[in-house]
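Structure assessment
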Amino acid sequence: DLTNNTRKRRRQGYNFLGIEDMTVEIFGGYQQQKGSYTMQDPIREYVRMVDDAWWRATGLPLYSGLHSTYKIKYRGPRLGIRLSQKHKQLSTNISLSYAWLLTEARSWWNLRNFSFTHYGIGFGRGLNVDISAKYFLTQNWFAGLGYHYSEYKQDRLKASGTQPAGSFDDYDYIGNANNK
């Protein structure tokens, strides 16, 4: 038979630092991230000397008509851990996950008439970190603040494409495809 004081001390032992509810979750799934990048002629005025006279023009001389693209996709399985805690009206979450990613990119460099595709050799890697805090004003309303960081990397790539000199296949491209 336990006294009330002993029961009370046991309950306080589980209430570490006043945290009412702490949860640790391990999760897994599949993720996909896409990026699309464009390089365009910067439209701005500049002054240039031609035949001993100053002329105003728009665009930059070497980049006139520039409109190149690079589209990349990362996809693969993901595994992570999430810590959640609640203390009265305040709750916080921290999540960290890692992904094993397959990488594919397509590009068109219009001024060079050059198109190519990149494929990752082996798996790339992805890292996601999420941190958030919420203060509950009522049961259904809260004010919160959060931060999300993502990083996707592929260290080795194979390239295939076409250019004015001809086409090429499965060229080992020494370069990285990194997104943050």
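Residues numbered from 1 in each chain as written. Predicted model: local features only at pLDDT ≥ 70, side-chain atom pairs only at ≥ 80, totals over all residues. Heavy atoms only, no water.

A separate point is the overall build of the protein. When helices and strands are tallied, the protein shows one helix and nine strands. Secondary structure elements in the protein, listed N-terminal to C-terminal, are α-β-β-β-β-β-β-β-β-β. Taking all 180 residues of the protein together, the buried fraction comes to 23%. Long-range contacts, defined here as pairs at least 24 residues apart, represent 63% of the contacts in the protein between residues at least 6 apart. (Helix = DSSP H or I, 4+ residues; strand = E, 2+ residues; numbered from the N terminus. Buried < 20%, exposed > 50% of the residue type's maximum accessible area, 1.4 Å probe, protein only. Contact = heavy atoms within 4.5 Å.)

According to the stated counting rule, one finds seven aromatic pairs in the structure shown. When the ring of Y70 is compared with that of F116, the centres are 6.3 Å apart and the planes differ by 45 degrees; the resulting orientation is tilted. One end of the pair, Y70, is in strand β4 (residues 67–87); the other, F116, is in strand β6 (residues 114–120), and 46 residues separate them in sequence. Relative to W100, the ring of Y98 has its centre 5.0 Å away and its plane inclined at 75 degrees; by these criteria the two rings are edge-to-face. Under the relative-accessibility criterion, W100 is labelled partly exposed at 37%. The aromatic ring of F27 is capped on one face by R82, whose charged end is 4.4 Å from the ring centroid. Stacked on the ring of F142, the Lys or Arg K134 has its end atom at 4.9 Å from the ring centre. (Phe/Tyr/Trp six-rings, centres within 6.5 Å; stacked < 30°, edge-to-face > 60°. Lys NZ or Arg CZ within 6 Å of the ring centre and 35° of its normal.)

Successive side chains on a regular strand alternate, one facing one side of the sheet and the next facing the other. Of the strand pairs in this sheet, strand β5 (residues 90–109) and β6 are connected by six bridges, and their pairing is antiparallel. Its bridge partner lying in β6, E104 is registered against Y119. Bridge count for β6 against strand β8 (residues 142–163) is six bridges, and the pairing is antiparallel. Residue pairing across strands places S115 opposite T162, the latter belonging to β8. (Pairing = 2+ DSSP bridges.)

As a further point, take the side chain of S91. Turning to its location among the elements, S91 is positioned in strand β5. Judged by its relative accessible area of 13%, S91 is buried.

Across the protein, pLDDT averages 81, with 77% of residues at or above 70. When pLDDT is averaged over each element of the protein, strand β7 (residues 124–136) comes out on top at 95 and helix α1 (residues 4–14) at the bottom at 49. Every residue in residues 9–14 scores below 50 in pLDDT, and together they form one contact with partners more than four places removed in sequence or on other chains. (pLDDT = per-residue confidence, 0-100.)

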